[in-house]
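# Reading the structure
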Amino acid sequence: MTTVSSSAYGFGYSVGAPTPAVGEVGRRLESLLKGGFSEAKQSISASVSRVYDELQALAHSYGAVEFPEPVQRVAMAFLEALPTDVPAPDLGLDSDGEVTFDWAGTNGRMMTLALREDGRLSYACRISPSDKQNGTKVFVNAVPNVVVECIRQVVVR
Amino acid sequence: MRFRTWLSSAFDKWLSGSSKAHRQRPTLSSPAYVVQGGDVARFIFQSDDIFAGGTRLGCPKPKAFGPDFHPDLKRYELSVCGLNSVSEDRVWALGRTIRARENKTALATIFLPSARVTSVGLHTEPAPEQPHFPEHGVILGWSQLPEAKSERLQVQTDLAALCSASDVKRPPSTK
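As a starting point, this report considers the structure included with it. Nothing here was measured: the structure is a model prediction, and the numbers come from that model.

This part takes up the overall build of chain A. Helix and strand content of chain A: five helices and seven strands. When the helices and strands of chain A are listed from N to C terminus, the series reads β-β-α-α-α-α-β-β-β-β-β-α. Counting over 157 residues, chain A shows a buried share of 50%. Here the analysis covers contacts within chain A between residues at least 6 apart in sequence; of these, 47% occur between residues at least 24 apart.

Encoded structure:
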């Protein structure tokens, strides 16, 4: 549900000047999360704050029981691990408690990914009605290549 | 008399073995809201079920079609509202009441024509479990293995790709 979007400079906001890469954003957000919500809010830049706000809003809309901090943390780590040329996903929370990341391209291209607290990563990619793939991987610090390739195929212009 | 007893017993056994045993069957007098070839709608209660930006702004995300596991029936199913003989007012009245206990009101519905459901290998069945929601139905045909989430996501993605922003209907007060 985040409103961040891709830019020519990678992960960040679509309006204005070049924005920080996802790795940088992710690292800062992760460290901020570890330091606690209230302290984090005061020390981050405006652009990073918007990402933070979106995630916090999502967490708030679901509540701490449905969207606990460990799940938020793994979502942060995933964002951190995304390559810098990959646009920001639309975030969400699945009914089973997994964080979802969605990318949409033109002509029905779509990639959805659900990340479980333990790092299990379920994904489905649709390039065309006859070109699809899905699978399950484990996320440990690095985003699996097959997932990155799927995202790139979906968001290609 | 013995035959009647046997017949009754056999019928009960058949019912208990049926996957629909936990469902209340529509009576002859009750209208069918979920019918073969009929359209259905999926209620949306979370705003993150809809794309907030990008090329598919306002379109449903795949997660909007995430089926839940029914513990008694031991199967994945996606709850929908049958639209056969159901007025728009009634749909929104249901949207306000069916999850009122959780303080949730439907933010939108996603219109799903029957052909779209069947085109991704799924089908719809009536499931009038609750007396106040006889229009309830379920979309079935999902991979049943708990660990096969990616396969279900693939079907959800196919379904989402077939939807447009115009399939997302907002309640009259928010239009």
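All right, on to the interface of chain B and chain A then. Between chain B and chain A, the residue contacts involve 24 residues of the former and 33 residues of the latter. When chain B packs against chain A, close to 2,300 Å² is buried across both sides, 51% of that on carbon and sulfur atoms. There are eight salt bridges connecting chain B and chain A. Notably, a salt bridge pairs Lys132(A) with Asp158(B), separated by 2.8 Å at the nearest N-O pair. Taken together, the residues that form the side of chain B that touches chain A break down as eight nonpolar, seven polar and nine charged.

To continue, consider the layout of surface pockets. Residues and elements named next belong to chain B. Considering only enclosed or pocket space, the largest pocket measures out at about 1,000 Å³ in volume. For the largest pocket, the lining is made up of 36 residues, of which Arg42, Phe45, Asp68, Ser79 and Arg99 are closest to its centre. Broken down by secondary-structure element, the contributors of at least two residues to the lining of the largest pocket are strand 1 (40-44), strand 2 (68-70) and strand 3 (75-82). Broken down by element, the residue count for the lining of the largest pocket peaks at four residues, all from strand 3. Across the lining of the largest pocket, the residue classes break down as 12 nonpolar, 10 polar and 14 charged.

Basis of the calculations
Along each chain, numbering runs from 1 in the same order as the chain's sequence is written. Think of it this way: whatever chain is written first is A, whatever ligand is written first is 1, and the rest follow in order. Note on the predicted model: pLDDT of at least 70 is required for a residue's local features to be given, and 80 or more for side-chain atom pairs to be given and counted; whole-chain, interface and lining totals, by contrast, use all residues. To get the side-chain values, all heavy atoms of the structure are used, and hydrogens and water are removed first. In this text, helices come from DSSP runs of H or I with a minimum length of four residues, and strands from runs of E with a minimum of two, each type numbered from the N-terminal end. Each residue is placed in one exposure class: buried if its accessible area under a 1.4 Å probe, protein chains only, is under 20% of its type's maximum, exposed if it is over 50%, and partly exposed if it falls in between. Contacts are assigned to residue pairs with any non-hydrogen atoms lying within 4.5 Å of each other. Reported buried area values correspond to the accessible surface (1.4 Å probe) lost by two parts on association, with both partners' losses combined. One side-chain nitrogen of Lys or Arg within 4 Å of one carboxyl oxygen of Asp or Glu is enough to make a salt bridge. Charged residues are taken to be Asp, Glu, Lys and Arg, nonpolar residues to be Ala, Val, Leu, Ile, Met, Phe, Trp, Tyr, Cys and Pro, and polar residues to be all remaining types, Gly included. The pocket and cavity definitions rest on a 1 Å grid over protein atoms only: a 1.4 Å probe that fits but cannot leave marks a cavity, an open set with protein on both sides within 12 Å along at least five of seven lines marks a pocket, and residues lining either have an atom within 4 Å of a point. Grid points are joined across faces, edges and corners, and a volume is the space filled by probe spheres set on the points.

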